[in-house]
Amino acid sequence: MDVPDEPTTPFGVVSAHTSRLQRQYQALLDKSTPYVLYRWIGTGVGLIIFFLRIFIAQGWYIVAYALGIYLLNLFLAFLQPKFDPSNDALDNEMEDGSVGTLPTKQDEEFRPFIRRLPEFKFWHAASRAIAISFVCSWFEVFNVPVFWPVLVMYWFMLFILTMRKQIQHMIKYRYVPFTVGKARYTKNSS
């Protein structure tokens, strides 16, 4: 039986441990994939804990603002189709049939909505960002003194304007990024 030699250099030892940890982390992510609701509940609890930390410490508002902007960016990528129908550069390819489009007429073939950012990657990036923000909230270097109501109002304005633009885009190109009320067929016993 051939057993690979143990790394003898310090770099080899660190590299072996790093790759082992990466495999274990990936295995944990793979096991969590089917549990969508539980993953999002855990992320929501992490976000609540982070905001409790910000509220109790009365600081690190700039970290919370940066997290809010990043989560908004992720959410917008989650809502957008992978192949944007408004992109003029793709129009020629779409006419050739090489890139998927959304149907605009009743007699056209149905093509499913493909997200620019899949749900799992959205969850993973959001969870990582919340964890990094929580860690940053324990370092004084990130506690920049700012007037937090201005940041909150600016974030809400940014959210309203970007969501309005996104909803107009959805209406113009007739797509809905959510599948609610999926048809379920039951086996007839007779």
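Here the residue index of a chain counts from 1 through its sequence in written order. Two thresholds apply to this predicted model, a pLDDT of at least 70 for residue-level local features and 80 or more for giving and counting side-chain atom pairs, whereas whole-chain, interface and lining totals are computed over all residues. Hydrogens are left out, water is left out, and the side-chain values use all remaining heavy atoms of the structure.

Asks: What exactly am I supposed to notice about the overall build of the protein here?
Replies: The helix and strand inventory of the protein stands at six helices and zero strands. Listing each helix as α and each strand as β along the protein from the N terminus yields α-α-α-α-α-α. The buried share of the protein, reckoned over its 190 residues, is 25%. For the protein, the computed accessible surface area is about 14,600 Å², with 66% contributed by carbon and sulfur atoms. Starting at the N terminus, helices and strands are each numbered in turn, a helix being any DSSP run of H or I of at least four residues and a strand any DSSP run of E of at least two. For each residue, the accessible area found with a 1.4 Å probe, counting protein chains only, is set against the maximum for its type, and the residue is called buried under 20%, exposed over 50%, and partly exposed in between. Here the accessible surface of atoms and residues is derived via Shrake-Rupley with a 1.4 Å probe, and residues count as covered only by protein chains that are part of the display.

Asks: Is there a simple way to explain the packing of aromatic side chains in this structure?
Replies: Aromatic rings considered in pairs are described by the distance between their centres and by the relative angle of their planes. To pair, rings of Phe, Tyr and Trp, with the six-membered ring standing in for Trp, must have centres within 6.5 Å; the planes then decide the type, stacked if under 30 degrees apart, edge-to-face if over 60, and tilted in the middle. In total, this model carries eleven aromatic pairs according to the counting rule given. Relative to Phe122, the ring of Phe78 has its centre 5.0 Å away and its plane inclined at 25 degrees; by these criteria the two rings are stacked. Taken together, the residues span a long stretch of sequence, with Phe78 in helix 3 (residues 61-79) and Phe122 in helix 5 (residues 119-136) at a distance of 44 residues. Through successive ring pairs, a cluster of aromatic residues spans Trp40, Phe75, Phe78 and Phe122. Against the face of Trp123 rests Arg39, its NZ or CZ located 4.9 Å from the ring centre. Two thresholds decide whether a charge sits over a ring: the Lys NZ or Arg CZ must be within 6 Å of the ring centre and within 35 degrees of the ring normal. Positioned above the aromatic ring of Trp60 is the side chain of Arg53, whose terminal nitrogen or guanidinium carbon lies 4.7 Å from the ring centre.

Asks: Any chance you could explain the packing of helix 3 against helix 5 here in plain terms?
Replies: For any two helices packed against each other, the geometry is given by the interaxial angle and the distance between the axes. The axes are straight lines fitted to the C-alpha atoms, using for helices just the contacting stretch, and the angles between their N-to-C directions are given from 0 to 180°. Two elements in contact, helix 3 and helix 5, have axes whose closest approach is 10 Å; the angle formed by their N-to-C orientations is 175 degrees. Our classification of the angle between helix 3 and helix 5 gives roughly antiparallel. Every residue of helix 5 that contacts helix 3 at Val63, Leu67, Tyr70, Leu71, Leu74, Phe75 and Phe78 is listed here: Glu119, Phe122, Ala125, Ala126, Ala129, Ile130, Ser133 and Cys136. Amino acids outside the nonpolar list (Ala, Val, Leu, Ile, Met, Phe, Trp, Tyr, Cys, Pro) and the charged list (Asp, Glu, Lys, Arg) are all regarded as polar, and Gly is one of them. Residue classes in the contact of helix 3 with helix 5 are distributed as 13 nonpolar, one polar and one charged. Angle categories are assigned with fixed cut-offs, so that under 35 degrees is roughly parallel, over 145 is roughly antiparallel, 65 to 115 is roughly perpendicular, and the rest are oblique. Contact criterion: two residues are considered in contact whenever any of their non-hydrogen atoms come within 4.5 Å of each other.

Asks: Can you walk me through helix 5 in this structure?
Replies: Turn by turn, an α-helix covers 3.6 residues, leaving residues three or four places apart pointing in a common direction. Take the residue count of a helix, subtract one, and multiply by 1.5 Å to get its expected span. Compared with the 26 Å implied by 1.5 Å per residue over 18 residues, the 26 Å span of helix 5 between its first and last C-alpha is a close match. All buried positions along helix 5 are accounted for by Phe122, Trp123, His124, Ala125, Ala126, Ala129, Ile130, Ser133 and Cys136. Residues of helix 5 that are buried make contact with helix 1 (10-32), helix 2 (36-57) and helix 3.

Asks: What am I meant to see in the pattern of salt bridges here?
Replies: We define a salt bridge as a side-chain nitrogen of Lys or Arg found within 4 Å of a carboxyl oxygen belonging to Asp or Glu. Across all of its chains, the model carries one salt bridge by this definition. In this structure, Glu119 engages Arg39 in a salt bridge whose closest nitrogen and oxygen atoms are separated by 3.1 Å. Of this pair, Glu119 sits in helix 5 while Arg39 sits in helix 2, placing them 80 residues apart in sequence.

Asks: Please explain unusual backbone geometry as it appears in this structure.
Replies: A negative phi angle characterises most non-glycine residues, just as the trans form characterises most peptide bonds. Its identity as a non-glycine residue notwithstanding, Gln58 has a phi of 55 degrees, on the positive side. As for its placement among the helices and strands, Gln58 is situated in the loop between helix 2 and helix 3. Residue Gln58 is classed as partly exposed on the basis of its relative accessible area of 49%. Here the phi dihedral of Trp60 falls at roughly 60 degrees; this positive angle occurs in a residue that is not glycine.

Asks: Help me understand the nonpolar core in this model?
Replies: Here is a general trend for soluble globular proteins: nonpolar side chains tend to be buried in one another's company. To form a nonpolar core, buried Ala, Val, Leu, Ile, Met, Phe, Trp, Tyr and Cys residues must be joined to one another through side-chain atoms within 4.5 Å. Among the nonpolar cores identified, the biggest contains 26 residues, and Phe50, Ile54, Leu67 and Leu74 are the most heavily contacted of them. Those elements that provide at least two residues to this core are helix 2, helix 3, helix 5 and helix 6 (148-173). By residue number, the principal contributor to this core is helix 3, which donates twelve residues. In this structure Leu67 touches Leu47, Phe50, Ala129, Ile130 and Ser133, once residues within four positions along its chain are discounted.

Asks: Please clarify how the packing of helix 3 against helix 6 should be interpreted in this entry.
Replies: Two elements in contact, helix 3 and helix 6, have axes separated by 11 Å at closest approach and are oriented at 5 degrees. One way to sum up the angle between helix 3 and helix 6 is to call them roughly parallel. In this structure, helix 3 uses Tyr61, Ile62, Tyr65, Gly68, Ile69, Leu72, Phe75, Leu76 and Leu79 to contact helix 6, whose residues at the interface are Trp148, Leu151, Tyr154, Trp155, Leu158, Phe159, Thr162, Met163, Gln166 and Met170. Here the contact of helix 3 with helix 6 is composed, by residue class, of 16 nonpolar, three polar and no charged.

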